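Next come the chains, spelled out residue by residue.
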Amino acid sequence: MKPIPKLQKWDSTLDLLRDPYRFISRNCQSNHTDLFEARLLLQKTYCMRGQDAARIFYDPDLFCRAGAAPKAVMKTLFGQGGVQSLDEEDHRHRKQMFLSIMTPEKIERLNVLTEHQLSFALTRWKEMREVSLYEEFQRVLTIAVCDWAGVPLADSEVGQRTKQLTSLFNDATKIGLGHIRARLARRQANKWITDIIQQIRDKEISISTQSPAYTIAWHRDLKNELLEPQIAAVELLNLLRPVVAISVYMTLIAHALHFRPGCREKLQSNSDEYVKAFVQEVRRYYPFFPFTAAIVQTYFEWHGFEFPRGQRVLLDLYGTDHDSRIWKEPELFQPERFLIREPNLYELIPQGGGEYALNHRCPGEWITVSLMKLTAQFLTQKVRYQVRNRKLEINFSQMPALPRDDMRIHSVREIKSVPVTVSPSQSHGVRI
Ligand code: HEM
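Since we're looking at a predicted model, the values are computed, not measured.

Caption draft 1: Inspection of the environment of Gly-178 at higher detail. Residue placement: Gly-178 occurs in helix α9 (residues 177-201). Accessibility expressed as a C-beta count within 10 Å gives 16 for Gly-178, which makes it partly exposed. Residues Gly-178 and Asp-195, spaced 17 residues apart in sequence, show a C-alpha to C-alpha distance of 26 Å.

So, in structure tokens, the structure goes:
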């Protein structure tokens, strides 16, 4: 067996926090390897990147998730007892619940609700001196996703709930005050949604049997029992939180359009193929989640390296999306690359890889692409604006990585035209 290349530092956590998106690929490059060992959060950790690595990482016979995510992430971003930390039959059964919600009709409904909210927001933006797109998109998505999911939301609650749902992903990996904010938001959001689950079960609120909140509230586990209300709440928040997190990608779409006016022109031509290619390139090019974690379930060997049972492993998502063996000139933003060929299940992995039903790949990928297409068309066909020229470079030391001074726009005007319509991009098991 070959020894796994090992970083010299006693612990590399600070290096990882300083540059979370490029930590793995930089070390892979300097050690001429796709796999190395580092000490992270005081634990021996294997780090790997590339599509071959993704293929083994997403083999459920080799890796499991229970205990893989750091406690701080479980107490903020994920919540405890959710699908992310399940394995085998329990995971497949819970995952099926999520996949059953992702029908083309439901995705289309979320699109329509989001489009309405964008139109309302636009009316406000026209009167505002300056608009923070990131904050506005968070609000738009909070209202739309609560309506879609069947979660009642009074007008007076919108600000508070938007802040809570945003803090769950925006502050989750921060240290100090940011982390405390995320912990508090998690407690408040869990309580809010646990009460809603209870009210649905007690029939105190009547919601459509087709709504996602209904599906989750009445979901039964493999023992045919209802989920604990707190766990059902974590799962409902597993829909609300990430939909609001699409505000990050929506903001990055505005960033991409600002720096690439050629793309704006092509998007105005309204070719569905080009819109899709543009959105895929935003997901590939821009950072979101740097990596994902799993634990070796069964000893195995890969390319002459040993993976002992119990070993924690990180798969580099951002690095794989920028791997020059898969992507020609990966540091260039080129939507056209997606017009030429469709990536396989292990190449484009900003939301995880492998099969949806068997692996931990994100079940929200169809919704993400759909709402991003809507945003790209909205920003190019419905609205004109000027961008405040502040520090617009992406801050790679933050998760999620965004333009340093946000994307702020002014002089907003509406373009009167036909409504933006996008075709829903989902059908189970088919690539986006
Ligand atoms: C904002 C864009 C999004 C990004 C960047 C994203 C990213 C990810 C990533 C990286 C994973 C983990 C993959 C792994 O560990 O192998 C994941 C899992 C998950 N995502 Fe997303 N996601 C997004 C949107 C969504 C949406 C819109 C939903 C639901 C409506 C969603 C629900 C989930 C769930 C439930 C899981 C856990 C799946 C499992 O453990 O089997 N995500 N996502």
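Caption draft 2: Seen up close, the site of the ligand. Neighbouring residues of the ligand: 25 residues in total, closest Pro-242, Thr-292, Gly-352, Cys-362 and Gly-364. Counting residues per element, the ones that place at least two in the shell around the ligand are α5 (88-101), α11 (229-259) and α16 (365-381). If one sorts the elements of the shell around the ligand by residue count, α11 sits on top with 7 residues. When grouped by side-chain class, the residues that make up the shell around the ligand number 15 nonpolar, 8 polar and 2 charged.

Caption draft 3: Quick peek at the sheet that holds strand β8 (residues 312-316). Pairing is mixed in the open sheet, where 5 strands are placed in the order β1-β2-β8-β5-β3. Each of the sheet's edge strands pairs with one partner strand only, and the pair in question is β1 (35-40) and β3 (63-64). Pairing of β1 with strand β2 (residues 43-49) involves 6 bridges; the strand directions are antiparallel. Each residue of the ladder has a partner; that of Leu-35, found in β2, is Met-48. Set on the sheet, helix α2 (residues 23-30) makes contact with β1, β2, β5 (291-296) and β8; between it and β2 the angle comes to about 80°.

Caption draft 4: Looking closely at the packing of α11 against α16. Across the interface, α11 lies against α16 with an axial gap of 9 Å and an inter-helix angle of 40°. Here α11 is positioned oblique relative to α16, judged by the angle of their axes. Viewed along their axes, α11 and α16 form a crossing whose handedness is right-handed. Together, Val-243, Ile-246, Tyr-249, Met-250, Ile-253, Ala-254 and Leu-257 of α11 and Ile-367, Thr-368, Leu-371, Met-372, Thr-375, Ala-376, Leu-379 and Thr-380 of α16 make up the contact between the two elements. Class assignment of the residues belonging to the contact of α11 with α16 gives a composition of 12 nonpolar, 3 polar and no charged.

Caption draft 5: View of unusual backbone geometry. In this structure, Pro-400 follows Met-399 across a cis peptide bond, with omega equal to -5°. With respect to the element layout, Pro-400 can be found in the loop between β9 (383-387) and β10 (408-414).

Caption draft 6: Representation of the sheet that holds strand β4 (residues 131-132) within the structure. Within the open sheet, the 3 strands sit side by side as β4-β10-β9. Their pairing is antiparallel. Bordering the open sheet on either side are β4 and β9, each of which pairs with just one other strand. One ladder, built from 4 bridges, connects β9 with β10; its direction is antiparallel. Bridge pairing links Val-387 to Ile-409 in β10.

Scoring rules and cut-offs
Residues numbered from 1 in each chain as written. Predicted model: local features only at pLDDT ≥ 70, side-chain atom pairs only at ≥ 80, totals over all residues. Helix = DSSP H or I, 4+ residues; strand = E, 2+ residues; numbered from the N terminus. Buried ≥ 20, exposed ≤ 12 C-beta atoms within 10 Å, placed from the backbone. Near = placed C-beta within 6 Å. Nonpolar A, V, L, I, M, F, W, Y, C, P; charged D, E, K, R; others polar. Pairing = 2+ DSSP bridges. Contact = placed C-beta atoms within 7 Å. Axes fitted to C-alpha atoms, helices over the stretch in contact; angles between N-to-C directions. Parallel < 35°, antiparallel > 145°, perpendicular 65-115°, else oblique. Left-handed = near helix turned anticlockwise from the far one by under 90°.

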